[in-house]
Amino acid sequence: MYKNVIFDLGGVVLDFNPRDFLLDYFMNKTAEDEVYDLTFGSKEWEELDAGLITRAAANRAMLENAAQVGRTFEVQTVIDEWEKILHTKRSTVKTMMQLKLAGYRLYYLSNIASDTMEHVRQREFFPLFDGGIASCDVHVNKPDPKIYTLLMQKYHLVYEESIFVDDNRTNAQAAYNLGITGILYKNRKSFNRALERCGIELPDLRTAIQQRKREQQRARQMQRQKQQQDMENAQQPDQTQQ
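Predicted, not measured: the structure shown is a model, and the values here were computed from it.

1. Quick word on the packing of aromatic side chains
The tally for this structure, following the rule as stated, stands at 18 aromatic pairs. Each ring, one from Y108 and one from F126, has its centre 5.4 Å from the other, and the planes form 45°; the classification is tilted. With Y108 in strand β2 (residues 105-110) and F126 in the loop between α7 (114-120) and β3 (131-134), the pair connects residues that are 18 residues apart, well separated along the chain. Its relative accessible area of 7% is what places Y108 among the buried residues. Ring pairs connect the aromatic residues F16, F21, Y25, F26, Y36, F40, W45 and W82, which therefore count as one cluster. The ring of Y36 carries R19 above its face, with NZ or CZ at 3.9 Å from the centroid. Taking NZ or CZ as reference, R55 lies 5.7 Å from the ring centre of W45, over its face.

Now the structure itself:
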């Protein structure tokens, strides 16, 4: 029986499609491939995710490499604009809320730079997580098995009770190899179907919220009744002192 669902952030909870971003800006396959290798696919980007280099140092190195192949303008554009693609995926957040209402514990496991992670922590969905690990904090990136193990050990999670969701097949496979059920994220519809195949039933969000409100109202009413009873008892004279 599953108890935990672990989410990648970029590409699952947040929109993150570098190829589409580059296509929108440059509309040239050769330029797109070259700029991708100089930025999102670069050694510097990987080191940023692992917390081994600062954003300023990474940007400097990427621009130096870009100058050697005449792509300074394009790489500077990526540096200035790329974070604009990190929109919250409302459809995923809705599923997260349903999972939370159904009693599942939610975690994140993401390759992400420290400054980007700070922004993510301010998003409205972040309190839905019961915990998680960002690669920048542990200096290890997926799909290295160490980062999965660190998460499982930190929160005492049972492998067989956990599901990992990632839009990268290699990362999902790495989780599967460790005994965690891996789901390759494509879209919300296929994700929810995969959860159903795992035996997870998602409650209707509106009905569940209304039920939760009714339960909270009943709890408040019982608390008020108890307080009233306590006050009445306190006002009664103590017969033992008469």
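2. So, helix α4 (residues 55-68)
Taking 1.5 Å per residue as the helical rise, α4 with its 14 residues ought to reach 20 Å, and the 20 Å between its terminal C-alpha atoms agrees with that figure. Summarising the contacts, the buried residues of α4 are in contact with α2 (29-38), α3 (43-49), α5 (72-81) and α7. Where α4 ends, the next residue or the one after it, G70, has phi of about 70°, a positive value.

3. Side note on the pairing of strand β5 (residues 181-184)
Examined bridge by bridge, strand β4 (residues 162-166) and β5 share 4 bridges and lie parallel to one another. Its bridge partner lying in β5, D166 is registered against L184. Viewed along the sheet, the connection from β4 through helix α10 (residues 169-177) into β5 turns out right-handed.

4. Brief notes about the pattern of salt bridges
Applying the stated criterion across every chain, the model contains 17 salt bridges. Of the charged contacts, one joins K89 and D15 as a salt bridge, the two residues approaching to 3.2 Å between their closest N and O atoms. With K89 in the loop between α5 and α6 (90-101) and D15 in the loop between β1 (4-7) and α1 (18-26), this pair connects stretches of sequence that are 74 residues apart. The class for D15 is partly exposed, based on a relative accessible area of 29%.

5. Focus: unusual backbone geometry
The step from K142 to P143 runs through a cis peptide bond, and the omega angle for that step is 10°. Relative to the helices and strands, P143 resides in the loop between α8 (135-138) and α9 (145-154). Phi angles above zero are rare outside glycine, and M27 is one such case at about 50°. Mapped onto the elements of the fold, M27 is located in the loop between α1 and α2. Classification of M27 as exposed rests on a relative accessible area of 67%.

The rules behind each value
- Residues numbered from 1 in each chain as written.
- Predicted model: local features only at pLDDT ≥ 70, side-chain atom pairs only at ≥ 80, totals over all residues.
- Heavy atoms only, no water.
- Phe/Tyr/Trp six-rings, centres within 6.5 Å; stacked < 30°, edge-to-face > 60°.
- Helix = DSSP H or I, 4+ residues; strand = E, 2+ residues; numbered from the N terminus.
- Buried < 20%, exposed > 50% of the residue type's maximum accessible area, 1.4 Å probe, protein only.
- Lys NZ or Arg CZ within 6 Å of the ring centre and 35° of its normal.
- Expected span 1.5 Å × (residues − 1).
- Contact = heavy atoms within 4.5 Å.
- Pairing = 2+ DSSP bridges.
- Right-handed = clockwise from strand over helix to strand, strands pointing away.
- Salt bridge = Lys/Arg side-chain N within 4 Å of Asp/Glu carboxyl O.

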